[in-house]
Amino acid sequence: MGSTGRTIAILAGSGLRRNSETDLADVASKWHIPVATTLGAKGILPEDHPMSLGVFGYGGSRWATDLIMGPELEILIVIGSALSHLSATNIGPMGAAIPMKVGSAAARPDVPHLTITGDGCMLMHGMELHTAVAHQQLTTLLVLNNRSYGNIW
Ligand SMILES: Cc1ncc(C[n+]2csc(CCOP(=O)(O)OP(=O)(O)O)c2C)c(N)n1
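Rules behind the numbers
Residues numbered from 1 in each chain as written. Predicted model: local features only at pLDDT ≥ 70, side-chain atom pairs only at ≥ 80, totals over all residues. Helix = DSSP H or I, 4+ residues; strand = E, 2+ residues; numbered from the N terminus. Axes fitted to C-alpha atoms, helices over the stretch in contact; angles between N-to-C directions. Parallel < 35°, antiparallel > 145°, perpendicular 65-115°, else oblique. Left-handed = near helix turned anticlockwise from the far one by under 90°. Contact = placed C-beta atoms within 7 Å. Nonpolar A, V, L, I, M, F, W, Y, C, P; charged D, E, K, R; others polar. Near = placed C-beta within 6 Å. Domains from an automatic or database assignment. Pairing = 2+ DSSP bridges.

Turning next to the environment of proline 50. Its place among the elements puts proline 50 in the loop between strand E2 (35-37) and strand E3 (52-55). Along the backbone, proline 50 and histidine 32 are 18 residues apart, and their C-alpha atoms lie at a distance of 9.1 Å.

What follows covers the packing of helix H4 (residues 97-107) against helix H6 (residues 126-134). Two elements in contact, H4 and H6, have axes whose closest approach is 9 Å; the angle formed by their N-to-C orientations is 15°. On the basis of the axis angle, H4 is roughly parallel to H6. The way H4 lies across H6 gives a crossing that is left-handed. Note on element contacts: H6 touches H4 through Glu128, Thr131 and Ala132, opposite Ile98, Pro99, Val102 and Ala105. Looking at the contact of H4 with H6 residue by residue, the classes come out as five nonpolar, one polar and one charged.

Turning next to the site of the ligand. Neighbouring the ligand are 13 residues; Met94, Gly118, Gly120, Gly150 and Asn151 lie closest to it. Of all the elements, helix H5 (residues 119-124) adds the most residues to the shell around the ligand, at three residues. Looking at the shell around the ligand residue by residue, the classes come out as five nonpolar, seven polar and one charged.

Another aspect to go through is the domain arrangement of the protein chain. Looking at the assigned domains, one finds that the protein chain contains domain 1 (1-81) and domain 2 (82-153). Centre-to-centre, using C-alpha coordinates, domain 1 lies 34 Å away from domain 2.

The sheet built from four strands is open, its strands ordered E3-E2-E1-E4 with parallel pairing. Only two strands of the sheet have a single partner each, and these edge strands are E3 and strand E4 (75-79). Averaged over all neighbouring strand pairs, the angle between strand axes comes to 20°, with direction disregarded. Sheet topology note: the E2/E3 ladder contains three bridges and is parallel. Of the residues in E3, the one forming a bridge with alanine 36 is glycine 54. This element, helix H2 (residues 62-69), spans strand E1 (8-12), E2, E3 and E4 of the sheet and lies at about 105° to E3.

Right, here's the structure in full:
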């Protein structure tokens, strides 16, 4: 809660000019207002600043998401962002490489195929591997196993 008595946060986008950084830090400190940034404005408030929530949106911090999407927030001040990219960046295919690999191996069985993917993506695509085996495709999968949906948090 800011010193305004309201649960309030600032979302700063890249439209906020870099030379406004000190003003943003001053406002955040003076009024105790937590500040999240869009991905494009990452660091416009230094992330070790006590009021920094980090990046809001795809691949952002859970503090930013929890506060901005949570039920407590009463006022969100958006500065320098049209918010348009926030919805756009949330649309992303996951594990697309594995079905694409099956397709490319079918189209070009004469060349070797290597697919590099994550363990989360691997988890989603057993069906495609079944197809690859059924068609006796010779392909290689390299799975980067960080035991998490790392990109999400
Ligand atoms: C079809 C689909 N479902 C969910 C997501 C959201 N999503 C994006 S990345 C990701 C985690 C991917 O995990 P992993 O393959 O292990 O890669 P890591 O991020 O850990 O490197 C998820 C769930 C998505 N982009 N597409």
